[in-house]
Amino acid sequence: MKKIVKSRLLAVSGTKIMVLKKVGKPIIYTLPGGVKKRKETEEEALVRETGEEITLKLIEEQVQFYLSHIKRTDTEIINKNYYYISLKPSKIKVLEKHKFETVLWLNWKKAVEFMDKSDRMATKAYFKNIGRKQKSKDNYERQVSPRIAL
């Protein structure tokens, strides 16, 4: 059975996510990243693939592992590892113009409508977890007595 390991980048800024718009129609968005080579780590593959696709230079220490998604078929196992980074939206250019039209910063709720199943799942999970953490933090801060907060 063939095993394929891929790394994907969730670059976020507030409620926005960076996506690559694939060439052609219908509209399809994807996250930067690609397939790991034999002697690479998943992080090395992410840094290399992102640098090949767009003008964003990462270093391994900048990204944090988020989750893995494993898809099994009769002939292969595809393991997608998702990493995230918080960035300020900036003008990033496409280098692989035969694959991608442009780099966009979109509200995550609009972007997921045009992503493949695993990218959509990872993006939703990330933003829903962040939202839950923020709400619980806000609730905790509201519950703290003013005397204790001093």
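All values reported here derive from a predicted model rather than from experimental measurement.

**Remarks on the pattern of salt bridges**
Line of reasoning, step 1. Counted according to the given criterion, the structure contains eight salt bridges.
Line of reasoning, step 2. In this structure, Lys 21 engages Glu 101 in a salt bridge whose closest nitrogen and oxygen atoms are separated by 2.9 Å. One end of the pair, Lys 21, is in strand β2 (residues 16-22); the other, Glu 101, is in strand β7 (residues 100-107), with 80 residues separating them in the sequence.
Line of reasoning, step 3. Where Lys 99 meets Glu 96, a salt bridge forms, and the shortest distance between an N and an O atom there is 3.4 Å.
Line of reasoning, step 4. By relative accessible area, Lys 99 is classed as partly exposed at 39%.
Line of reasoning, step 5. The structure contains a network of salt bridges with shared partners spanning Arg 8, Lys 80, Asp 116 and Asp 119.

**Thoughts on the pairing of strand β1 (residues 2-13)**
Line of reasoning, step 1. When you tally the buried positions in β1, you get nine out of 12 residues, the bulk of the element.
Line of reasoning, step 2. Inspection of the sheet shows β1 paired to strand β4 (residues 33-35) by three bridges, in the antiparallel sense. Looking at β4, one finds that Arg 8 is bridged to Gly 33.
Line of reasoning, step 3. In terms of strand pairing, β1 meets β2 through two bridges, oriented antiparallel. If you follow Ser 13 over to β2, its bridge partner there is Lys 16.
Line of reasoning, step 4. Here β1 folds back onto β2 in antiparallel fashion, the turn holding two residues, of which Gly 14 has a positive phi close to 60°.

**A look at unusual backbone geometry**
Line of reasoning, step 1. In this model, Lys 25 is joined to Pro 26 through a cis peptide bond whose omega is 0°.
Line of reasoning, step 2. Positionally, Pro 26 belongs in the loop between β2 and β3 (29-30).

Reading the values: rules and limits
Residues numbered from 1 in each chain as written. Predicted model: local features only at pLDDT ≥ 70, side-chain atom pairs only at ≥ 80, totals over all residues. Heavy atoms only, no water. Salt bridge = Lys/Arg side-chain N within 4 Å of Asp/Glu carboxyl O. Helix = DSSP H or I, 4+ residues; strand = E, 2+ residues; numbered from the N terminus. Buried < 20%, exposed > 50% of the residue type's maximum accessible area, 1.4 Å probe, protein only. Pairing = 2+ DSSP bridges.

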